[in-house]
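So you can see what is in the structure, the chains are spelled out below.
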Amino acid sequence: MAVSMAAAAGRLRRAIRRSPLWVSPSRQPLSSKPPPAQATAVRDAFLNFFRDRHGHRLVPSASVRPRGDPSLLFVNAGMNQFKPIFLGTVNPRSEMAGFRRVANSQKCVRAGGRHSDLEDVGRDLSHHTFFEMLGNWAFGGEYFKEEACSMAWELLTQVYGIPEDRLWVSYFGGDPKAGLDPDLESRDIWLSLGVPASHVLSFGPQENFWEMGDTGPCGPCTEIHYDLAGRVGAPQLVELWNLVFIQHNRLVLRRILRRAVRFSTEVLRAPPGLLSSLVPIVVETLGDAYPELQKNSAQIASVISEDEAAFLASLQRGRRIIDRTLRRLGPAKLFPAEVAWSLSLSGNLGLPLDLLELMLEEKGVQLDSAGLARLAQEDAQHRSQQAEPVQEQGLQLSVHALGELQRRGVPPTDDSPKYNYSLRPSGSYEFSTCEAQVLQLYTEDGTAVASVGKGQRFGLLLDKTNFYAEQGGQASDRGYLTRVDQEDVLFPVARAQVFGGFILHEAVAPEDLKVGDQVQLHVDEAWRLGCMKKHTATHLLSWALRQALGPGTEQRGSHLNPERLRFDVATQAPLTSQQLRAVEGTVRDAVAQDEPVYMEDVALVHTAHVPGLRCLDEVYPDPVRVVSVGVPVAHALDPGSRAALKTSVELCCGTHLLRTGAIGDLVIVGERQLTRGTTRLLAVTGEQAQQAREVGQNLAQEVEAATERLRQGSKDVVAAQRLSKDMGRLTDAVDLAVMPQWQRRELQATLKGLQRRANTAVRKLELGQAAEKTQELLQRHSQGPLIVDTVAAESLSVLVKVVRQLCERVPGTSVFLLSPQQLGHVLCACQVAQSATPAFTAEAWALAVCSHMGGKAWGSQVAARGAGTTTDLEAVLSTARAYALDRLQPSSPTDSHRLHRQQTGPGQEL
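These notes cover the structure that comes with them. (Residues numbered from 1 in each chain as written. Predicted model: local features only at pLDDT ≥ 70, side-chain atom pairs only at ≥ 80, totals over all residues. Heavy atoms only, no water.)

Details of the overall build of the chain
The cut-off we apply is this: Secondary structure elements follow DSSP: runs of H or I no shorter than four residues count as helices, runs of E no shorter than two count as strands, and numbering proceeds from the N terminus. When accessible area is computed with a 1.4 Å probe and restricted to protein chains, residues below 20% of their type maximum are described as buried, those above 50% as exposed, and intermediate ones as partly exposed. Accessible surface area values rest on a Shrake-Rupley calculation with a 1.4 Å probe, where residue burial reflects the displayed protein chains alone.
A count of helices and strands for the chain gives 25 helices and 32 strands. Burial analysis of the chain (910 residues in total) assigns 46% to the buried set. Surface summary for the chain: the accessible area is close to 45,300 Å², and the carbon and sulfur share equals 52%.

Listed below in structure tokens is the structure:
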């Protein structure tokens, strides 16, 4: 296989030398001669590269007339034949269901439909109605962005030999209207591959987002471009490659529902509740085919009704804000990006940006898309920087500010409204708003002021609040507030912190605000609910750890927000895989039972002697809030009931779920020792937990498949080496994946054993192959102090073994072997007889020869190895011989005669 790839690459290089691959239209001469036959070389090099180097299965081109796909007139892309995999409709018993790594060259016709090139044909040199599309595909999580980009770069620069400085790349810069973040991961991968930052460009969805259609699989793409100008004038870029990463399914249902809500109310003038009233007719029509509709019809109607009611309130407020903003702007102005962002799903109010743009379009107003993209990118960068819970300093209340408040007799903030939320019959939560008065305003430097102005970042104290201020390991709430007399102006609130009983809200002023104003506070419900899920899960995790490790197990700290849960626990030894699995199982049982969560303020003295009640070494308020899972607080605190030993009961001021079922699932995805006796656990819940389990199952299947491949064995070195490398890649994937930690441990142990067996198999095959090569060389060379020659070896490891065996078979001989590889690359290995050192060393020998090839070498006085590139092996061999002869100083005429005969060869003696 390596030979076929080298041959294809060689044909391609010769074709490139005969004629440039791309010629600018202004420079291309008119000629009746047929162009060089480069398509075969390009195609063969591509397919052989992915088959031979990266283990892809070659799939034949499908017919240009689609079979069984009425949505297509012609096959217009290389992915068409794989649509059943993308759409999840592939027959599990079909051959296609087993595809993992495949490559193809697909015949394509683009004469109509979504991807028509017909209008561009004849206008440039890059659009054609018929063409071949070369593609490599990874299914089932086989590989993703980093591997795909690395393979593409390797093929273009090493196989095709395209100069790196003439290649440019582009990546997806995000789409605020669709709620899509920039693909910064692809950008960073290109930079790590050595692409200059000046050659890495960011574009929007028109250029760098791929979608199969208006609905269905879609995702960001990153493109590679070739510069026709070649650093002469401005770059003239032509697209070479489009790497598509399917991460989304554009179907992002709530958006559809909210559009329907707006259409029914504003266009059809229908009364509220219309959409939910349509559920029975849908069930009647489709219920026989989809029985789950009949089973869950009441819940479906309830969810639609509640979401409709909640969204209508946001829609009415959003409409008022839009109208007020437009009156202030006047005609022919862009709608401000800041206002749109505050209204959007990414901001505070929950209006989808595409719906907002539609509402503006109906009024003849254009949205400031550039400004919106900038805000989205800033938000994405900020969130990426907060991958670890490192908190910014934020606004502070100094000791002097607190003293002034106390001197004035200002009472501490009443934050009891943070507990004012309830559970609807459908299982969703309703959070109450809170009306409060502004008591004090502060500038960023902590100076107390009477008012703040537009655009100013400030802190404010209120007489009461429903915001949860960060404490007890739970992240602060965020959301917005409005003035009671001007509810259409949103003041975004980024966080709330507590200082001596006073809760300081950190906000930004879109307009003036002054002390004495009445405001209404709205928490970000999705953020709050995420915190509640993680906090209740933290309590269950703490209880499950005590169940698994013993009642003396102590919590040493925790931190949570909607994205992650971190839990530190005192342990005598690292948790075993069985203990981690048992802890997860205990939590999952409590979640599955959907137990009620009871919360009640009780006198601190009543909690002092309850057996099993977990409390940290900290000061608690009196009365103190008690959180009990599955058991009413009064019963849990009854010393005689011993209920606190059988469930999670803790002193906690945090916000919690009212039933455990909303947690969905919990998976411990990380574990490490912080200090001696303290273990840090990382966990995810809900959908993240389900995804982690799926990743674990997929990796377990891959390990099982690798085990079977190893059991079957490999008959040649290349296949064995590939299997060994695959074991290494699989080990890396298991090490880095977000998956159950207990399963990671088990797979790591299995892979460790498999890697040892694979390496043993490689060494065995390499030794056998080296023995064959050694025998061949001994037949060509007589006994003598020097052997310099070439040998076919598939790896440097085999070459080193050949050198070593030669020296063992012929003691006192110094050996230098070259092994030509693909594309002019050459491997070398050498060993110097002990008697010839230190005047003659292997490291210096290899360095002298590899420098001649523009390469590098490394090793010791006795043995060394290296690599380089050359098209003239004889010249390199001559260099190796000359260097050795110069260092070997014969002690007698006989030795000199033997050396001379050794270099000229039998039958050539002079």
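Topic: a nonpolar patch on the surface
Keep this limit in mind: Patch membership needs two things, relative accessible area over 30% and no salt bridge, and members are linked within 9 Å if like-charged or within 5 Å if nonpolar (Val, Leu, Ile, Met, Phe, Trp, Tyr). The rule for a salt bridge is simple: a side-chain nitrogen of Lys or Arg has to be within 4 Å of a carboxyl oxygen of Asp or Glu.
A cluster of nonpolar side chains, contributed by Phe263, Val267 and Leu268, occupies part of the molecular surface with about 290 Å² of accessible area. Counting through the fold element by element, Val267 comes out in helix H7 (residues 254-267).

Observations concerning the pairing of strand S32 (residues 863-869)
As a reminder, the rule being used: Pairing between strands requires that DSSP locate at least two bridges from one strand to the other.
Alternating positions in S32 separate cleanly, Ala864, Gly866 and Gly868 being buried on one face and Ala863, Arg865, Ala867 and Thr869 remaining unburied on the opposite face. The antiparallel pairing of strand S31 (residues 856-859) with S32 creates a hairpin that spans 3 residues between the two strands.

A word on the side chain of Thr465
Basically, it comes down to this: Residues adjacent in sequence count toward polar contacts only when both atoms are side-chain atoms; beyond that, a polar contact is any pair of N or O atoms within 3.5 Å, and within protein one must be able to donate a hydrogen and the other to accept it. The contact definition used throughout considers only heavy atoms, calling two residues in contact when any of these lie within 4.5 Å.
Looking at the element boundaries, Thr465 is found in the loop between strand S15 (457-462) and strand S16 (479-483). At a separation of 3.0 Å, a polar atom in the side chain of Thr465 contacts the main-chain amide nitrogen of Phe467. The residues touching Thr465, leaving out its near neighbours within four places in the chain, are Thr413, Asp414, Asp415, Ser416, Pro417, Lys418, Cys434, Ile503, His505 and Leu521.

Considerations on the pairing of strand S30 (residues 825-831)
Extensive coverage of S30 is indicated by the burial of 6 of its 7 residues. In this structure, strand S29 (residues 814-820) lies alongside S30, joined through 6 bridges in antiparallel fashion. Bridging from a neighbouring strand, Val815 pairs with Gln831 of S30. Following S29, the chain reverses through 4 residues before pairing antiparallel with S30; Leu823 in that reversal takes a positive phi of roughly 60°.

Side note on the pattern of salt bridges
The final tally for this structure, using the stated rule, is 34 salt bridges. Among the salt bridges present, the one from Glu142 reaches Arg101, with a minimum N-O distance of 2.9 Å. Of this pair, Glu142 sits in the loop between strand S3 (130-138) and helix H4 (145-159) while Arg101 is found in strand S2 (residues 101-109), placing the two residues 41 residues apart along the sequence. Of the residues examined, Glu142 reaches a relative accessible area of 25% and is grouped as partly exposed. Across the pair Asp726 and Arg729 runs a salt bridge whose closest N-O atoms are separated by 2.2 Å. Of this pair, Asp726 and Arg729 both sit in helix H20 (residues 717-736), 3 residues apart, roughly one helical turn. Looking at Arg729, the relative accessible area reads 39%, which means it is partly exposed.

Some thoughts on the sheet that holds strand S25 (residues 649-651)
Heads up, the condition is: What counts as an axis is a line fitted to C-alpha atoms, over the stretch in contact for a helix, and the angles between N-to-C directions run from 0 to 180 degrees.
Read across the open sheet, the 3 strands follow the order S23-S24-S25; overall the sheet is antiparallel. Two strands close off the open sheet at either side, each with one partner strand: strand S23 (597-602) and S25. Neighbouring strand axes in the sheet, compared pairwise and without regard to direction, differ in orientation by 20° on average. Two strands pair when backbone bridges link them, and strand S24 (residues 624-629) and S25 are joined in this way by 3 bridges, in the antiparallel orientation. Considered in S25, the bridge of Ser628 is made with Val649.

Observations regarding the nonpolar core
Condition: What is meant by a nonpolar core is a set of buried Ala, Val, Leu, Ile, Met, Phe, Trp, Tyr and Cys residues, joined one to another through side-chain atoms within 4.5 Å.
The biggest cluster of nonpolar side chains holds 53 residues, and the ones touching the most others in it are Phe458, Leu460, Leu513, Val519, Leu521, Leu540 and Leu545. It is helix H16 (residues 525-549) that contributes the most residues to this core, 7 residues altogether. Ignoring any residue separated from it by four or fewer positions in sequence, one finds Leu540 in contact with Val587, Ala590, Val591, Val629, Ser648, Thr660 and Ile663. Within the second largest apolar cluster, 33 residues are counted, among which are Ile322, Leu353, Leu372 and Tyr480.

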